[in-house]
Amino acid sequence: KSRKIIDMAQTFINQSEIVEKMDFVIIKDKIDFIPLLCSAGLGFYRSLFSIIDHYRDSKGIVWPKGIEPFTYAVLPLYPRDPEQKEISERVYNDLLKRGERVLLYDGDKIGIKKRNMDLIGVPKKIIIYKPDNIIKVVEENRDGDTKPYQ
C-alpha cells in the first residue's frame, strides 16, 4: 500500500557571522573548519501549504472541519437589488450571531462566485435570489445539494 508523505520540516542555516563572533573553529587534520549553525522548525506557510496539498480536489480546497477560514459564504444573485442586499446582510448577521465564520461575497456573476467559494474551500453557500419577484434563500453544499435556508 502506498502513502503520500509530506516533508514539513524546514532547515534554517544561520550565516557563519555568529560563529565568527564566537571565534569558534574546528581543527581536523590541520584544516580549519568554521561550522554552520542550523535550526529546524515548522513554518506557518509550510504547514498551510501541506494541508492544502493534502486536502484538495478538482474544484479546490476541501479544508478539514474546524480549520476552514469560512464555514459559510452568503451569495446574493443581484447584490444591487435593495431587497436581496437587505436579506443578504440579515443572513450574514444571523450566521455571525450563531458563531459561524461567514463571508459576504457581493461581486461577480453567481457561477463565478460559486466556483471561487469552492476554490478557497468554503463548504456551504447561502444563495439569495429573486425569481418571479419572490425572494428565495437556499443553502448549497459543496456537492451542489440544496435545501431551504433556516
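None of these values were measured; they are calculated from a predicted model.

**Structural notes on helix α4 (residues 110–120)**
Here's step 1: Those residues of α4 that sit buried are Lys113, Met117 and Asp118. Around the axis of α4, the buried residues are gathered within 135° of arc, so they sit on the same side.
Here's step 2: Along its buried surface, α4 packs onto β5 (72–76), β6 (102–104) and β7 (124–129).
Here's step 3: Positive backbone phi, at 90°, marks glycine 121, one or two positions downstream of α4.

**Here we look at the side chain of glutamate 140**
Here's step 1: When you line up the elements, glutamate 140 lands in strand β8 (residues 136–141).
Here's step 2: Given the relative accessible area of 8%, glutamate 140 is considered buried.
Here's step 3: For glutamate 140, the side chain forms a polar contact with the side chain of lysine 114, separated by 3.2 Å.
Here's step 4: Those residues in contact with glutamate 140, other than ones at most four positions away along the chain, are Lys114, Pro123, Lys124, Lys125, Ile127, Asp145 and Thr146.

**A few points about the pairing of β5**
Here's step 1: Of all 5 residues making up β5, 5 are buried, and the element is well covered by its neighbours.
Here's step 2: Burial along β5 is two-sided: the residues Tyr72, Val74 and Pro76 and Ala73 and Leu75 are all buried.
Here's step 3: Taken together, the 3 bridges between β5 and β6 define a ladder with parallel strand orientation. Directly across from tyrosine 72, in β6, lies its bridge partner valine 102.
Here's step 4: With helix α3 (residues 82–97) bridging β5 and its parallel neighbour β6, the resulting β-α-β unit is right-handed.
Here's step 5: With 5 bridges connecting them, β5 and β7 associate as parallel partners. Directly across from alanine 73, in β7, lies its bridge partner lysine 125.

What counts, and where the lines are drawn
- Residues numbered from 1 in each chain as written.
- Predicted model: local features only at pLDDT ≥ 70, side-chain atom pairs only at ≥ 80, totals over all residues.
- Heavy atoms only, no water.
- Buried < 20%, exposed > 50% of the residue type's maximum accessible area, 1.4 Å probe, protein only.
- Helix = DSSP H or I, 4+ residues; strand = E, 2+ residues; numbered from the N terminus.
- Arc of directions from axis to C-beta.
- Contact = heavy atoms within 4.5 Å.
- Polar contact = N/O pair within 3.5 Å; in protein donor to acceptor, adjacent residues only side chain to side chain.
- Pairing = 2+ DSSP bridges.
- Right-handed = clockwise from strand over helix to strand, strands pointing away.

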